[in-house]
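Observations on the model geometry
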2 protein chains.
Amino acid sequence: MNEDSSKVKRSGNPLIYALYNEPMSGEAIEARSLDIIEQEAPSRPFSYGQWQVVKRMLHTTADFGLVDRVRFSDGAIEAAVMALTGGCPIFVDSNMIRAGISLARLRAACEKYSPESLICHVADEDVAAAARAAGLPRSLYAVRKARSSLENGIAVFGNAPVALMELNRLILEEEIRPAFVIAMPVGFVHVTESKDEFMSLGVPYVAVAGRRGGSPLAVSALHALCGLAAEGQQDKFGIQ
Amino acid sequence: MNEDSSKVKRSGNPLIYALYNEPMSGEAIEARSLDIIEQEAPSRPFSYGQWQVVKRMLHTTADFGLVDRVRFSDGAIEAAVMALTGGCPIFVDSNMIRAGISLARLRAACEKYSPESLICHVADEDVAAAARAAGLPRSLYAVRKARSSLENGIAVFGNAPVALMELNRLILEEEIRPAFVIAMPVGFVHVTESKDEFMSLGVPYVAVAGRRGGSPLAVSALHALCGLAAEGQQDKFGIQ
């Protein structure tokens, strides 16, 4: 699918001048984007809190096809807000997710949050060595290493279904119970099954059903939940 | 869209035991995923090299709907392979992309690659200050700061269209000419226009047309191009 790449004669200024002439900050562009989503999104069988999460997931992908794939457990928003407000540690399954999470957004939910609150073991040398020895993915051992943080912690999956499957085992066999899980691994092997298994375990979650998922979706869901937690804080202190 | 989150009685072992019993490494799972994509993908009007790129983009999103949206300039694969083989610096528009890029894959294309080859200014203090002063997004000033690396460099966009628009201006007004561009910003404001403008400028590229895009797509395209560059290296040294 080749495009004609010959240089087209142009008239007028580069497009960026529109922005130079009427400056919009990153925040203003984000707000306008969310307004466009409100206008264009198809029907949405979501509560207010759920819709804030879905809207931000649409914002990060520009793909309205995701609307039908997002799943929430009963009480998901409340569980996530409580966990974030309490400053629960956050396990993440990839360094892309760690890099994408905004500390400012976390700290709007709970001032206790620091870079050390984010736990990612996938690049640790001991994890890599264990994975090589067993002939299994590193992400599996990264979850196992995070065992103590997963109990009452938040877990964010946007990459490997194997990581979610190992969490499922910890829940089933070792009675680990996370406070909240963002279950959005992506791919073609074990993906749908890993999510179906997880969603049967009675742990609060937001998930993307089926094969789809990804790091930006997981990050955007977390950021939206931070926003809801911050709104809750404002209510509590009467600074709405 | 609530799911019944009551705990379902389960029989048998957690799913992960299937993997314990027949271990598959991360690489083996990746290879099986790419096989599934080969089998399931719709018609694909791509060259061998282009298809390697698209296939990896499908792998990272599990979304076959992207097939129709990927665009290559004439000579895109050759330009990218030459730039990567030469160890060109790589500008990236987000820290998520920087975190997602595999140094091992880059070094398979060219041994010169190091962490310093990746240039990302979006979190720099001077960039933030300039953006605040102008009321414009940081990503715009991050591109401007990278000006000298963009000449004959590789530029990777998976986030803000404003960054791509500023690159367009540098190409049009300051005669900067990147060796290769991955043009996959995502969103709702200025996105389609930023890509249409860019694709008219005669610079080699792979892009996702329209509103869609994202960091994992940009990273996966780069990784696929690294693979093609590495294949080319093997040909050259006869170790195919």
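Position numbers for residues count from 1 along each chain, tracking the sequence in the order it is written. The naming scheme follows written order: chains are lettered A onward, ligands numbered 1 onward. Given that the model is predicted, a residue must reach a pLDDT of at least 70 before its local features are reported, and side-chain atom pairs must reach 80 or more before they are shown or counted; all residues, however, enter totals for whole chains, interfaces and linings. Excluding hydrogens and water, the side-chain figures rest on all heavy atoms present in the structure.

With that settled, consider helix α3 (residues 48–61) of chain B. Residues and elements named next belong to chain B. Spanning 14 residues, α3 covers 20 Å between terminal C-alpha atoms, matching the ideal 20 Å at 1.5 Å per step. When accessible area is computed with a 1.4 Å probe and restricted to protein chains, residues below 20% of their type maximum are described as buried, those above 50% as exposed, and intermediate ones as partly exposed. Secondary structure elements are defined from DSSP: runs of H or I of at least 4 residues count as helices, runs of E of at least 2 residues count as strands, and each element is numbered from the N terminus. Counting buried positions along α3 gives twelve out of 14 residues, so the element sits mostly inside the fold. Turning to α3, its buried residues are Gly49, Gln50, Trp51, Gln52, Val53, Val54, Lys55, Arg56, Met57, Leu58, His59 and Thr61. The first or second residue beyond α3 is alanine 62, which carries a positive phi of 55°. Between the first and last residue of a helix there are one fewer steps than residues, each counted as 1.5 Å, and that sum is the expected span.

Here we come to the pairing of strand β6 (residues 180–183) of chain B. All names here are of chain B. Of the two faces of β6, the one lined by Phe180 and Ile182 and the one lined by Val181 and Ala183 are each fully buried. Relative to β6, strand β5 (residues 154–157) runs parallel, the two sharing four bridges. By the bridge assignment for β6, valine 156 is matched with isoleucine 182. Look down the strands so they point away from you; if the path from the first strand over the helix to the second goes clockwise, the crossover is right-handed. Handedness of the β-α-β unit built from β5, helix α10 (residues 161–174) and β6 comes out right-handed. When DSSP finds at least two bridges between two strands, those strands are taken to pair.

Take the side chain of serine 220 of chain A next. Residues and elements named next belong to chain A. Following the sequence through the fold, serine 220 ends up in helix α12 (residues 215–237). By relative accessible area, serine 220 is classed as buried at 5%. Residue contacts are defined here by distance: any two heavy atoms, one from each residue, within 4.5 Å place the two residues in contact. The contacts of serine 220, once residues within four sequence positions are left out, are Arg56, Met57 and Thr60.

In this section: the nonpolar core. Here the nonpolar core consists of buried residues drawn from Ala, Val, Leu, Ile, Met, Phe, Trp, Tyr and Cys, with membership extended through side-chain atoms lying within 4.5 Å. Leu84 of chain A together with Leu84 of chain B are the most contacted members of the largest nonpolar core, which has 136 residues in total. Those residues in contact with leucine 84 of chain B, other than ones at most four positions away along the chain, are Ile90, Leu106, Ala109, Cys110, Tyr113, Ile154, Leu222, Leu225, Cys226 and Ala229 of chain B.

With 76 residues of chain B at the contact, the number on the chain A side is 76 residues. By buried area we mean how much accessible surface two parts lose on assembly, using a 1.4 Å probe and totalling the loss over both. In total, chain B and chain A occlude about 6,500 Å² of area from one another, counting both sides; carbon and sulfur atoms represent 63% of this. We define a salt bridge as a side-chain nitrogen of Lys or Arg found within 4 Å of a carboxyl oxygen belonging to Asp or Glu. Here aspartate 63 of chain B ties to arginine 212 of chain A by a salt bridge, and the two come within 3.6 Å at their closest N and O atoms. Polar contact criterion, stated in full: a pair of N or O atoms within 3.5 Å, where within protein one must be able to donate a hydrogen and the other to accept it, and residues adjacent in sequence count only if both atoms are side-chain atoms. Where chain B touches chain A, the interface holds 16 residue pairs in polar contact (both at pLDDT 80 or more). The element that contributes the greatest number of residues to the side of chain B that touches chain A is helix α2 (residues 26–40) of chain B, accounting for seven residues. Gly is put with the polar residues, along with every residue not named as nonpolar or charged; the nonpolar set is Ala, Val, Leu, Ile, Met, Phe, Trp, Tyr, Cys and Pro, and the charged set is Asp, Glu, Lys and Arg. When its residues are assigned to classes, the side of chain B that touches chain A shows 38 nonpolar, 20 polar and 18 charged.

Residue and element names in this part refer to chain A. Looking at any residue, its pLDDT shows the predictor's confidence there, from 0 to 100. Residues at a pLDDT of 70 or more form 92% of chain A, whose mean pLDDT is 93. Here residues 1–9 is modelled with pLDDT under 50, and outside its nearest four sequence neighbours on either side it reaches 25 contacts, counting other chains as well. With pTM at 0.93, the complex prediction returns an ipTM value of 0.92.

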